[in-house]
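# Structure at a glance
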Amino acid sequence: MIRSSSNTKAKRVLIRATNWVGDAVMTLPAVDAMAEAWPDAELHVLAKPWVGAVYQGHPAVRRIVAVEEPGRHQGWKGRLGLAAELRGGGYDMAVLLQNAFGAALVAWAARIPRRIGYSRDGRGLLLTSAVPCGPDVRAVHETSYYLHMLRGAGLTMDPPPDEGVAPVLRIGQEDRAWAGEFLAQNNLDGKKLLGIAPGAAFGPAKCWPAERYAQTADMLCAEGYEHVLLFGSKGEAEATRAVSRDATEARCLDLAGGTGLGQALALLERLDLFLTNDSGLMHAAAALGVPTVAVFGSTNPTTTGPLGPRVAIVRKPVDCAPCKKPQCPTGDMRCFSVISPDDVFAAALALTGRGGKADG
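Let us look at the structure shown here. (Residues numbered from 1 in each chain as written. Predicted model: local features only at pLDDT ≥ 70, side-chain atom pairs only at ≥ 80, totals over all residues. Heavy atoms only, no water.)

## Considering the overall build of the chain
The cut-off we apply is this: Helix numbering and strand numbering both begin at the N terminus, where a helix is a DSSP run of H or I of at least 4 residues and a strand a DSSP run of E of at least 2. Note on exposure labels: buried denotes an accessible area under 20% of the residue type's maximum, exposed denotes more than 50%, and partly exposed covers the range between, all computed with a 1.4 Å probe on protein chains only. Any pair of residues with heavy atoms lying within 4.5 Å of one another is described as a contacting pair. Here Asp and Glu are counted as negative and Lys and Arg as positive; His is not counted, and neither are the chain ends. For the purpose of locating charges, the reference atoms are NZ of Lys, CZ of Arg, CG of Asp and CD of Glu.
Check the secondary structure of the chain and you find 15 helices and twelve strands. Expressed as lengths along the three principal axes of its C-alpha atoms, the size of the chain is roughly 60 × 50 × 40 Å. The burial tally for the chain puts 54% of its 360 residues in the buried class. For the chain, restricting intrachain contacts to residue pairs at least 6 apart in sequence, the fraction spanning at least 24 positions comes to 63%. Charge centroids of the chain, computed over 38 positive and 36 negative side chains, lie 8 Å from each other.

Quick look at the structure:
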């Protein structure tokens, strides 16, 4: 339990969400902490359309307010227009989980009396509670990073653990109903389902080779998985097509670009196992309690690893990792080339109760 400060009251709070799905999932413990601190307050989340579904099923979130950027809220004029729209919202506090200067500008221009966030991106003067963000805070897991901000502003009292707090993701009922109908229409209801997300929005240095996902899928389907759902955005369709093309035994259904986020999350919830790179859907699946095997190369699992009741990370140490670069600086993707399909297969069997101890 996260204790709240008795000196802090709020009636209607605007929470500025982060702009990426994985980051948004990792803010959920902070949203839970705010809901616990102010059980009678209305929580509204200001979010880009593609991340709003992360908060849609949260019982304490009363409303999702869309940031239409690109669109009518783009640029300085658009941000000031968004502030004008928010001005009549009756907000007595804004909690800025996003670090950008623009988020603070909008809250300031909307005349929200109390504005809380990390003192980053030159925005300290726009905040009423500008929380310092030192190297020690940046080194903890990202879920605790957001909780540290609340504590630094005096909203909560308990220090969060450095290793992070497992998020809990709730699915909207409409999306859950859609997923049930979709699986039934495709004769997949009741089937043992393997999900794979072979892409990553950050860049190719996060992506284990698609042909290795295909080989792993074939191995797992020989162990009883009956169908493979391939997840990704339109921009990741090349990777999902490659998995479907290279798999010789697995029956694949390519969903890349074919669902909204809420629908994808509802399908994730129905999986028996999920294989993924370090991606937004990795965090979502882990937060849903789906057995999740995450392949890590260029990024750091200490700060952005998946947290949940059934997760396994497959990673092998190389001198240049984690480089945290979107493109491989050496050009040989050595952090991924050392990870074989056998490694991921073994981790999957260990995670689901079959086989020995997982590597990584």
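## Quick look at the pairing of strand E5 (residues 114-118)
Stated formally: Strands qualify as paired when DSSP identifies two bridges or more between them. Handedness of a crossover: with both strands directed away from the viewer, a clockwise path from the first strand across the helix to the second marks it as right-handed.
By the criterion of burial, E5 is predominantly enclosed, with four of the five residues buried. Examined bridge by bridge, strand E4 (residues 93-96) and E5 share four bridges and lie parallel to one another. What sits directly across from Val95, in E5, is Ile116. With helix H5 (residues 101-109) bridging E4 and its parallel neighbour E5, the resulting β-α-β unit is right-handed.

## A short note on the sheet that holds strand E7 (residues 193-197)
Applied cut-off: Think of each axis as a best-fit line through the C-alpha atoms, taken over the contacting stretch in the case of a helix, with angles from 0 to 180 degrees between the N-to-C directions.
Strand order across the open sheet formed by six strands is E9-E8-E7-E10-E11-E12, with parallel pairing between neighbours. Two strands in the sheet have a free side with no partner beyond their single neighbour: strand E9 (252-254) and strand E12 (311-314). Across the sheet, the mean angle separating the axes of adjacent strands is 20° when strand polarity is ignored. Both strand E10 (residues 273-277) and strand E11 (residues 292-295) contribute to a ladder of four bridges, which runs parallel. Pairing of Leu275 across the sheet is with Val293, part of E11. Sitting on the sheet, helix H10 (residues 237-246) touches E7, strand E8 (227-230) and E9, and the angle it makes with E9 is about 165°.

## Some details on the sheet that holds strand E1 (residues 12-16)
Across the sheet, six strands lie side by side as E3-E2-E1-E4-E5-E6; this open sheet has parallel pairing. Across the chains shown, the open sheet's two edge strands, defined by having one partner strand only, are strand E3 (61-66) and strand E6 (129-131). The sheet shows a mean angle of 15° between the axes of neighbouring strands, taken without regard to direction. Taken together, the five bridges between strand E2 (residues 42-47) and E3 define a ladder with parallel strand orientation. In the strand pairing of E3, Ala47 is matched with Ala66. Across the face of the sheet, helix H2 (residues 28-37) comes into contact with E1, E2, E3 and E4 while running at roughly 155° to E2.

## Structural notes on empty space enclosed by the protein
Take a probe with the size of a water molecule and roll it over the atoms, and the empty space left behind shows itself. Our working rule: With a 1 Å grid laid over protein atoms only, a set of points is called a cavity when a 1.4 Å probe fits there but cannot get out and a pocket when it is open yet has protein on both sides within 12 Å along at least five of seven lines; lining residues have an atom within 4 Å of a point. Grid points are joined across faces, edges and corners, and a volume is the space filled by probe spheres set on the points. For this scheme, ten residues count as nonpolar: Ala, Val, Leu, Ile, Met, Phe, Trp, Tyr, Cys and Pro. Four count as charged, namely Asp, Glu, Lys and Arg, and the remainder, Gly too, count as polar.
Evaluation of the coordinates by the stated rule reveals one cavity of 30 Å³ or more. For the largest cavity, the calculated volume is near 30 Å³. Along its surface, the largest cavity is lined by Ala53, Gln56, Arg170, Ile171, Gly172, Asp175, Gly262 and Leu265. Among the secondary structure elements, those contributing two or more residues to the lining of the largest cavity are helix H3 (53-56) and helix H11 (261-268). Counted by class, the lining of the largest cavity contains three nonpolar, three polar and two charged residues.

In short, shape yes, function no, at least from these values alone.
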